[in-house]
Every structure is written in structure tokens, then in C-alpha cells.
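Summary of the model geometry
One-letter residues, chain by chain:
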Amino acid sequence: MQRTFPLSGVRVADFSWVGAGPFLTKPLADHGADVVKVESRQRRDPIRSMAPFRDGERGPDRSGYFANRNTSKRSLCLDLKDPRGRDLALRLISTSDVVVNNFSPGTMDRLGLGYDAAREVRPGVVYLEMPMIGRAGPHHGWRGYGLTIAAAGGLLGLTGYPDRPPVGTGTNFPDHVPNPLHGAVAVLAALRKRRRTGQGEYIELAQLESTANVIGPALVAAAAGDAPVRDGNRDDLAAPHGVYPCAGDDSWCAIAVVTDDQWSGLCRVLWDERWDEPALAGADGRRRNSGRLDELVAGRTRSWVADDLARALTDAGVPASEVLHADALMLDAQLRARGHWEVLDHPVMGPSVYDAIPYRLSATPGALRSPAPLLGADSEAVCVDLLGLDAAEYRQLEEEGVVG
Amino acid sequence: MASIDFSAPLDGVVVVDASTGLGSYCGRLLADLGAQVHRVGSDRFASPHRASFMNAGKIAASHDCDVIGLLAGAHLLVTDEGPAELTDRGLSPNAVAAAHPALVHVAISPFGMDGPYADRPATDLTLLAAGGLLALAGDPDRAPVRAWGEQTSVIAGTHAAVAALIALDVLEVSGVGQFVDVSVQEAVAHSLENAAQYLDLEGVTRRRVGAGPREAGTGLFTCRDGFVYLVGGLGGSPLAWDQIVAWLDDAGVANARELADGRWEDSTWRRSTEAVELFREQFESFADSRTKRDLVGQGQRRGISIAPVATPEDLLRDPQLLERSFFRTVDMDGHDVLLPGSPYRFRYSDVQPRAGSTPAAGRSLPCSAPSR
């Protein structure tokens with residue numbers, strides 16, 4: 001039986017690519033929206049060429065980086081530089097509720113697919129662009145990548161050890177969290193207003209502005225003359241608070257002691273008589289002596305297996321977790337119980353691991369409805385069944401490289 | 001459009017926000033979008049600045065209000081504790097659904113509402129560890145290091161807001177309320193870039209590698225007043241390399257022309273320690289006497305991807321952000337507070353950070369029930 005999904009009936013013309021855009025349209029697709037991903041064979045999504053690849057072998061339909069961001073979508077290949085390709089793109093927009101792109105400013109306008117063109121063929125369209133630092137402003141033409149947005153947005157500079165240059169999150173964090181998900185929130189809010197008023201919307205998500213919000217409290221603090229600095233794993237509230245070495249190679253346990261009860265719990269599990277001093281009895285004293293405390297705790301954790309320690313501490317009421325690398329994460333009892341890792345059978349990559357949706361709606365759940373689409377897999381179905389080309393027209397355009 | 005309706009996208013939506021910290025960003029996003037967000041209970045923020053940021057646009061309710069009672073007029077309830085704690089507060093999903101079937105209960109929790117760890121105590125740091133993001137961050141010769149600013153709240157809050165708006169649509173269209181189970185651990189695991197797929201497809205377990213990929217011309221470089229981030233190559237291929245060489249050469253950097261040698265096109269060479277260090281020496285000898293702003297301005301004009309490693313103070317003075325009137329002043333508990341603007345700009349709707357009150361201010365308030 002065909003399931004119905006909460007966003008069934010919503011169509012998205014998705015011109016976005018690489019990191020941020022595809023993670024914006026993925027939750028829409030996983031909850032039932034018909035997301036038509038527009039690429040071309042001449043200019044395919046660069047992330048199709050980014051590692052990892054099935055068995056290490058490169059190929060446009062072999063990238064796991066691409067696959068995990070593009071579940072439940074359809075792939076349409078169009079040459080947007082050809083007027084007939086552009087016309088098909090406009091026809092797609094005319095039947096879509098949402099248009100998304102993350103090209104540099106002005107690109108969609110030059111292709112004749114900008115907001116004005118879109119709302120002419122589809123009044124009430126919700127149109128979202130995500131320029132790097134904004135369509136206007138003195139720096140609007142600046143170029144960059146996920147890593148440079150983390151730098152310019154302030155997260156990189158605040159993240160790292162106090163005595164070394166910053167290190168950041170080790171990922172292109174803005175591409176994975178704030179920029180796509182803020183974008184999805186904006187689109188869904190605009191669709192709600194459209195349902196009630198019939199009115200469409202133009203949304204500009206400047207990636208710099210979106211990313212600056214992840215350090216929002218630091219900006220509030222700086223404006224009040226109280227700017228934070230890079231401070232490693234230290235915490236304003238908790239001590240001990242850190243990542244402590246455990247038995248084995250590169251094995252660690254994260255521990256956070258916020259309350260006196262948690263301190264008692266830590267003492268029960270890791271007691272060392274050197275901890276028995278008045279200076280460490282209260283939270284203020286522990287915070288003041290956090291450097292020395294870290295060394296004392298590390299002296300005790302080294303003989304523990306990280307996962308055993310995390311279990312013992314959490315049983316004693318202390319927040320703790322092994323620092324899980326991907327190999328341990330795949331086997332994590334909680335993630336497995338929750339069914340977080342899903343295996344989808346991709347036509348080229350075979351059975352492959354995908355992240356499940358990290359939330360479940362009890363009455364109208366989403367699902368990874370299909371693995372990532374092969375490049376151009378749905379070109380014919382979209383052009384013929386949705387956009388109304390007849391089969392002969394489609395063949396002709398395919399031969400000329402306009403679609404396919 | 002004959003006459004434009006500039007109302008907020010979530011006009012008329014009533015939210016009861018019973019979060020304690022981890023879930024606070026979800027309600028903040030909904031408040032910017034125009035929902036009426038009633039804040040009940042207290043939160044655990046050490047910093048008053050974090051409390052201001054997270055509570056902007058929210059209305060503090062009295063601490064002793066009966067949450068279940070307040071829900072009569074609400075569309076959404078946001079909580080952020082595990083099943084045992086929620087049950088203690090009388091806010092278990094079953095209790096909420098029994099009292100208010102036509103309500104969306106967005107339950108953000110550390111590990112999700114079921115499974116063996118559902119009631120494990122957790123904080124930002126331990127959830128970054130449990131979700132796999134902490135393992136990717138830091139220098140290899142040191143312990144992993146957490147992202148600044150309790151990012152689990154952003155990770156959970158953004159996913160939860162997406163889920164909340166999908167469920168709100170169902171509620172408004174079909175009258176069906178429901179329970180939304182948001183696991184922070186899963187949300188963190190969802191943000192590992194490609195680490196799970198690296199293991200699955202290539203058998204490689206990613207580990208922390210410092211500030212970024214190891215390639216000549218790419219990464220952090222020291223300058224007069226801090227650091228810049230330059231992208232002079234990606235995946236072993238040079239980017240805007242000729243422009244970088246010309247820039248250094250024009251500035252009179254000795255041996256800059258050495259960088260024009262053919263070997264700088266070669267990915268093996270570009271990724272060698274020798275190449276990385278050679279480039280660093282040349283670039284930093286040039287950058288040493290120049291500011292972030294000068295370097296970024298000049299480099300960008302030459303078509304080079306270079307960004308400042310901005311401090312919070314830099315952002316407050318950033319010409320681009322100032323020109324776009326990004327920062328807003330709102331009233332929080334009777335004081336002016338400067339906040340960054342919303343993450344997005346709506347051309348036809350009222351979306352912005354709004355005046356609000358923190359739970360600290362709610363202590364003295366009477367209980368008043370919101371209404372739809």
C-alpha cells in the first residue's frame with residue numbers, strides 16, 4: 001500500500017548542489033515532497049565527485065557524500081544554457097511550490113530563472129536563495145566554501161585549544177547544520193503562510209548571517225563588552241568537564257560534572273584520596289581548580305575502557321560518553337535500538353548506509369523513501385509525465401543533449 | 001500582488017516552551033517567525049548572554065504555572081528532557097496526548113524517548129561525543145575538543161523546528177496532533193559530513209586532523225591581527241593559484257615565483273609536508289605585516305577564496321553585516337540587548353528577533369493561559 005506522507009503534494013524545483021542546499025531539501029523529500037533535483041551532464045553536482053566512493057572507485061553514481069544528502073529525490077538532467085533546457089526548467093517551476101538554489105548571486109537571474117521569472121509562471125511560489133554573504137552589500141561578490149564560512153562566521157575562531165590556533169569542528173559544519181536546516185525552517189514557515197494567505201515569498205538566506213547565529217550568544221556577549229575566547233573543553237558551569245584518556249589507542253571519555261550530586265557520583269566511581277580536600281568539595285572550588293582537577297581525573301581514567309567508564313559514570317548519575325568514532329558509532333547500542341543507520345539498496349552502490357531522519361513524527365512519520373537518484377534517472381519521467389513532452393520530443397531533445 | 005500581507009509566517013501559532021537548555025533554540029526560531037512562545041520553567045544557562053539570545057521573542061510565564069493547563073490554548077509544546085524526567089514533570093508524551101490530543105508535542109531529548117540510553121544523563125559535551133562529532137574535532141596530538149557554544153542546542157533546535165513545522169501543517173490541515181521524538185544523539189550523528197559513509201564504502205574511519213585538509217595553500221595562516229583562512233587548493237588541485245602567486249610576487253615576496261613551478265599542480269607534491277611548509281613560510285612572511293581585513297579585501301579582489309577568521313568583535317564591525325543592518329536591538333527584561341538578525345530574510349513577511357523575557361523575569365508573574 002502506498003503510504004501518504006505529510007508533505008505529499010508539495011513539489012520542489014531543486015537547483016541546489018554541493019553541501020548545504022541538498023540537506024535543505026532532503027527533509028522535505030523524506031516527508032513526501034516531490035523534490036526534483038536539476039543537474040546537467042555538463043555541470044553535474046560537484047559532490048557526486050567527492051569521496052567516499054563505493055569500494056574507493058570514482059564515478060558520478062558512487063559517492064556516499066552525495067548519496068546521504070539526496071535520498072527520496074528525483075534527478076532531472078537539463079542543459080540550462082540551452083533555451084529549450086531553460087524552458088523546461090521554467091515549466092518545472094510553473095508546477096512547483098518551492099524553488100531552491102545555492103548558486104552565487106545573480107546566476108539564476110542570468111539563466112532567466114530568477115525570482116521574477118519564477119513568479120510570473122508560478123504566482124505564489126516560495127523561492128529561496130542562499131548566497132554566501134548576501135545578494136547585496138559591499139562584499140556580495142566574495143567567494144568561499146563551507147570552511148571559509150565557518151571562519152568568517154566566527155565558529156572556527158572560537159573553537160580549539162586556548163594555547164594553539166583554532167581548529168574548528170573538523171567538518172564543514174555550516175553546510176551540515178545551520179545553513180540547510182535554517183533554510184528548511186524558512187521554506188516550511190513560508191508554505192504555512194501561503195496556505196493561509198495564498199501569498200508566496202522570496203527568502204534570502206545569506207550563509208554568513210545564518211552561520212553567525214550559531215555563535216549568537218558570543219555576539220550578544222561581545223556587544224556587552226564580555227566577548228568569549230577559545231577555551232578548549234572548559235565550561236562556565238561544570239568542572240571537571242573534559243575529554244579524558246582511557247585504555248587503548250586514541251580512546252577517550254567525555255565527562256561533565258555540573259552538580260554536587262554528580263561530583264559525588266564521580267567520586268564513587270573514580271575515587272582517589274588526593275581528591276579529598278576542601279577546595280574541591282564545592283562547585284566554585286572545582287571550577288577554580290579545573291586545570292589541576294583535569295589532571296587528577298585523567299590519572300584515574302587511563303586504566304578504564306572508555307565504554308565501561310561511561311556506563312559506570314552514567315549509572316552513577318554523571319553525564320559521560322565514550323568519544324565515538326564512526327566504527328563504534330555504527331555499533332552503538334542506542335543508535336541501533338533507534339534504527340538510526342539504515343541500509344538502502346542503491347542500484348550502483350548496492351546496499352549502503354544512510355543516516356535515518358533524526359526525529360520521528362508519531363502520526364505522520366517520514367521515511368528514506370528511496371536511495372539517492374542516479375544522474376538523470378528521472379529525466380524522462382519528469383519531462384514526459386510531469387512537463388508534458390511527448391515521447392518523440394523527448395527523444396529529440398535527448399539526442400541533442402538538452403535533456404537526459 | 002494587489003495588496004501584500006506582511007504578517008509573520010507563524011502568525012497565530014501558540015507555543016509552550018518548557019525546555020531547560022538543550023531545546024531552547026527551537027522555540028527561539030519559532031518566535032522570530034512570529035509564533036507566540038510562552039516560556040515555562042527555568043533554564044540552565046550559566047551566561048546571561050546565552051539566556052538573552054535563546055529567549056528573545058519568548059514570553060516568560062510564572063514558574064509555578066501548571067504546564068498541562070497552559071496547553072489548552074497551544075498548538076505546540078516543546079520539551080527537552082528524557083522520558084523519566086518528563087514523567088516526573090507530568091509531561092510524558094502519553095500524559096500530554098491524553099490531556100490534549102490536538103497538540104503537537106515536540107520532545108527533544110538527549111537520546112530519544114526509547115532505547116537503552118534513553119535516561120542516561122547528558123550534556124552538550126557528552127552528546128557531541130555520543131553522536132560522533134567530537135571525534136572529528138581537534139589536533140591529533142591532543143584530546144578531541146568541542147565546538148564552541150553548545151552546538152547541540154543548535155543541532156537539535158534546527159532539526160526540531162523542521163519537524164515541528166511539518167507536524168504543525170498536519171495539525172492545521174487535518175486536526176491531527178502528534179508526538180515528535182527528536183534524538184539529539186541522532187541529530188549530531190546526522191552532521192558527520194561523510195564519516196559514516198567513509199567507513200561503509202571505503203573501510204576508513206575518519207579521525208581528527210586539526211584545522212582542515214592538509215594541502216599547500218589551504219588552511220589557517222597567521223597574520224598581523226589574527227588568522228585568515230585561505231583556500232588555494234581543494235582535493236589536491238590548485239584553486240586560483242596563478243592569482244595567489246601574482247599577489248605574493250606583486251608584494252615583493254622573495255621566491256614567490258618558485259610557487260609557479262609545475263610541481264605545484266601535482267596533488268602528491270601539494271599534499272607533502274615540504275610543500276605545505278614551504279607555502280606557509282612564503283605566505284606568512286607576506287601576511288605577517290597585514291591585517292585580516294586588508295588580506296581578505298585584496299585577495300577577494302583578485303578572485304581568491306580567502307576569509308577572515310572572525311572574532312565576535314570583528315563580526316560586530318563587519319562592513320557587510322553593518323551595511324545590511326544585520327544586528328538588531330531588542331528589549332529583554334527591560335534592557336536593550338544587541339542580537340544578530342534572523343538567519344534568513346523574508347521579503348514579504350515580518351521575520352526578526354523580537355523583544356522577550358527570560359525565565360528569571362518570570363518568577364514574579366501571574367499565570368495566564370495563552371489562547372489560539
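Residues numbered from 1 in each chain as written. Chains lettered and ligands numbered in written order. Predicted model: local features only at pLDDT ≥ 70, side-chain atom pairs only at ≥ 80, totals over all residues. Heavy atoms only, no water.

Under an unreviewed UniProt entry, the name given to chain B is CoA transferase, and the source organism is Nocardioides vastitatis.

Named according to an unreviewed UniProt entry, chain A is CaiB/BaiF CoA transferase family protein originating from Nocardioides vastitatis.

Thoughts on the overall build of chain B
For chain B, the count of helices and strands is 16 helices and 14 strands. By its C-alpha atoms, chain B is 75 × 50 × 45 Å across when sized along the principal axes. Considering chain B as a whole, with its 372 residues, one finds that 63% of them fall into the buried category. When contacts within chain B are restricted to residue pairs at least 6 apart in sequence, those whose partners lie at least 24 apart make up 67%. Of the roughly 12900 Å² of accessible surface on chain B, 48% is carried by carbon and sulfur atoms. Computing the positive centroid from 32 side-chain charges and the negative centroid from 47, chain B places the two 4 Å apart. (Helix = DSSP H or I, 4+ residues; strand = E, 2+ residues; numbered from the N terminus. Buried < 20%, exposed > 50% of the residue type's maximum accessible area, 1.4 Å probe, protein only. Contact = heavy atoms within 4.5 Å. Areas by Shrake-Rupley, 256 points an atom, 1.4 Å probe, with all protein chains shown as cover. Lys, Arg positive; Asp, Glu negative; His and termini not counted. Charge placed at Lys NZ, Arg CZ, Asp CG, Glu CD.)

Observations concerning the domain arrangement of chain B
Taken domain by domain, chain B holds domain 1 (14–193 + 327–362) and domain 2 (218–311). On a C-alpha basis, the centroid separation for the pair domain 1 of chain B and domain 2 of chain B is 41 Å. (Domains from an automatic or database assignment.)

Regarding the packing of aromatic side chains
Overall, the coordinates contain 20 aromatic pairs over all chains when judged by the stated rule. Aromatic ring contacts, followed pair by pair, group Phe221(B), Trp241(B), Trp247(B), Trp264(B), Trp269(B), Phe279(B), Phe283(B) and Phe286(B) into a single cluster. When the ring centre of Tyr161(A) is taken as origin, the NZ or CZ atom of Arg142(B), which lies over that ring, is 5.1 Å away. Across from the ring centre of Trp241(B), 4.3 Å away, lies the NZ or CZ of Arg270(B), which sits over that ring. (Phe/Tyr/Trp six-rings, centres within 6.5 Å; stacked < 30°, edge-to-face > 60°. Lys NZ or Arg CZ within 6 Å of the ring centre and 35° of its normal.)

Topic: the pattern of salt bridges
Residues and elements named next belong to chain A. The tally for this structure, following the rule as stated, stands at 52 salt bridges over all chains. The shortest N-O distance in the salt bridge between Glu400 and Arg84 comes to 2.7 Å. Of this pair, Glu400 sits in the segment after helix 19 (391–399) while Arg84 sits in helix 3 (residues 83–94); the two residues are 316 residues apart in sequence, bridging distant segments of the chain. With relative accessibility at 42%, the residue Glu400 sits in the partly exposed group. On the basis of relative accessibility, which here comes to 35%, the residue Arg84 falls in the partly exposed class. For Glu277, the salt bridge identified is with Arg292, shortest N-O distance 3.1 Å. Taken together, the residues Glu277 in the loop between helix 12 (260–270) and helix 13 (283–288) and Arg292 in helix 14 (residues 290–301) connect sequence positions 15 residues apart. (Salt bridge = Lys/Arg side-chain N within 4 Å of Asp/Glu carboxyl O.)

Brief notes about empty space enclosed by the protein
As enumerated under the stated definition, the model contains four cavities of 30 Å³ or more in all. Its boundaries defined by the atoms lining it, the largest cavity holds a volume of some 100 Å³. What lines the largest cavity is Phe23(A), Lys26(A), Pro27(A), Asp30(A), His31(A), Leu181(A), Ile357(A), Pro358(A), Tyr359(A), His159(B) and His190(B). Considering each element in turn, the lining of the largest cavity owes the most residues, four residues, to helix 1 (residues 20–30) of chain A. (1 Å grid on protein atoms, 1.4 Å probe; cavity = no way out; pocket = protein on both sides within 12 Å on 5 of 7 lines; lining within 4 Å. Points joined across faces, edges and corners; volume = space filled by probe spheres on them.)

Description of unusual backbone geometry
Residue and element names in this part refer to chain A. The omega torsion of the bond from Ala51 to Pro52 falls at 5°, within 30 degrees of zero and hence cis. Tracing the sequence through the fold places Pro52 in the loop between strand 2 (34–39) and helix 2 (64–67). Note the cis peptide between Ala239 and Pro240, where omega equals -5°. The topology assignment puts Pro240 in the loop between helix 11 (216–223) and strand 7 (241–245). Of note, Asp55 is a non-glycine position whose phi angle comes to about 60°, a positive value. By secondary structure assignment, the location of Asp55 is in the loop between strand 2 and helix 2. A residue is classified by how much of its surface remains accessible, and Asp55, at 58% relative accessible area, is exposed.

Here's the deal with the domain arrangement of chain A
Considered domain by domain, chain A is made up of domain 1 (11–215 + 338–399) and domain 2 (241–325). Averaged C-alpha coordinates put domain 1 of chain A and domain 2 of chain A at centres separated by 43 Å.

Some remarks on the packing of helix 10 (residues 241–250) of chain B against helix 12 (residues 273–287) of chain B
Residues and elements named next belong to chain B. Running from amino to carboxyl end, helix 10 crosses helix 12 at an angle of 50°, the nearest separation of the two axes being 10 Å. Classed by the angle they form, the pair helix 10 and helix 12 counts as oblique. Considering only the axes of helix 10 and helix 12, their crossing is left-handed. Along its contact with helix 10, which presents Trp241, Ile244, Trp247 and Leu248, the element helix 12 presents Phe279, Phe283 and Phe286. Of the residues that constitute the contact of helix 10 with helix 12, the class distribution is seven nonpolar, no polar and no charged. (Axes fitted to C-alpha atoms, helices over the stretch in contact; angles between N-to-C directions. Parallel < 35°, antiparallel > 145°, perpendicular 65-115°, else oblique. Left-handed = near helix turned anticlockwise from the far one by under 90°. Nonpolar A, V, L, I, M, F, W, Y, C, P; charged D, E, K, R; others polar.)

Some remarks on the interface of chain A and chain B
Every contact between the two is made by 152 residues of chain A and, on the other side, 142 residues of chain B. In total, chain A and chain B occlude about 12400 Å² of area from one another, counting both sides; carbon and sulfur atoms represent 62% of this. Considering only the surface of chain A that becomes buried against chain B, Arg192(A), Glu209(A) and Gln334(A) emerge as the three largest contributors, covering 6% of it. Joining chain A to chain B, the criterion identifies 16 salt bridges. Across the salt bridge formed by Glu172(B) and Arg195(A), the nearest N and O atoms sit 2.8 Å from each other. Applying the counting rule to chain A against chain B returns 69 residue pairs in polar contact (both at pLDDT 80 or more). (Buried area = accessible area lost by both parts, 1.4 Å probe. Polar contact = N/O pair within 3.5 Å; in protein donor to acceptor, adjacent residues only side chain to side chain.)

Remarks on the sheet that holds strand 5 (residues 126–129) of chain A
Taken in spatial order, the seven strands of this open sheet run 3(A)-2(A)-1(A)-4(A)-5(A)-6(A)-14(B), and their pairing is mixed. Edge positions in the open sheet fall to strand 3 (73–77) of chain A together with strand 14 (345–346) of chain B, since each of these has one partner strand only. The pairing of strand 4 (residues 98–101) of chain A with strand 5 of chain A spans four bridges and is classified as parallel. The residue bridging Asn101(A) from the neighbouring strand is Glu129(A), located in strand 5 of chain A. (Pairing = 2+ DSSP bridges.)

A short note on the sheet that holds strand 8 (residues 226–231) of chain B
Residue and element names in this part refer to chain B. Read across the open sheet, the three strands follow the order 7-8-11; overall the sheet is antiparallel. A strand with exactly one partner marks an edge of an open sheet, and here the two such strands are strand 7 (218–223) and strand 11 (305–308). In this sheet, neighbouring strand axes are inclined to one another by 25° on average, regardless of whether the strands run parallel or antiparallel. Alignment of strand 7 against strand 8, held across six bridges, turns out to be antiparallel. Counterpart to Gly219 in the pairing with strand 8 is Leu230. Together, strand 7, strand 8 and strand 11 form the strand contacts of helix 13 (residues 292–301), whose direction differs from that of strand 11 by roughly 160°.

Some points on the packing of helix 9 (residues 178–197) of chain A against helix 7 (residues 151–174) of chain B
Contact geometry for helix 9 of chain A and helix 7 of chain B: axes closest at 8 Å, N-to-C directions at 15°. As summarised for this structure, helix 9 of chain A and helix 7 of chain B are arranged roughly parallel, according to the angle between their axes. In the packing of helix 9 of chain A onto helix 7 of chain B, the handedness of the crossing is left-handed. Between helix 9 of chain A, through Leu181(A), His182(A), Ala184(A), Val185(A), Leu188(A), Ala189(A), Arg192(A), Arg195(A) and Arg196(A), and helix 7 of chain B, the contact on the second element is made entirely by Thr158(B), His159(B), Ala161(B), Val162(B), Leu165(B), Ile166(B), Leu168(B), Asp169(B), Glu172(B) and Val173(B).

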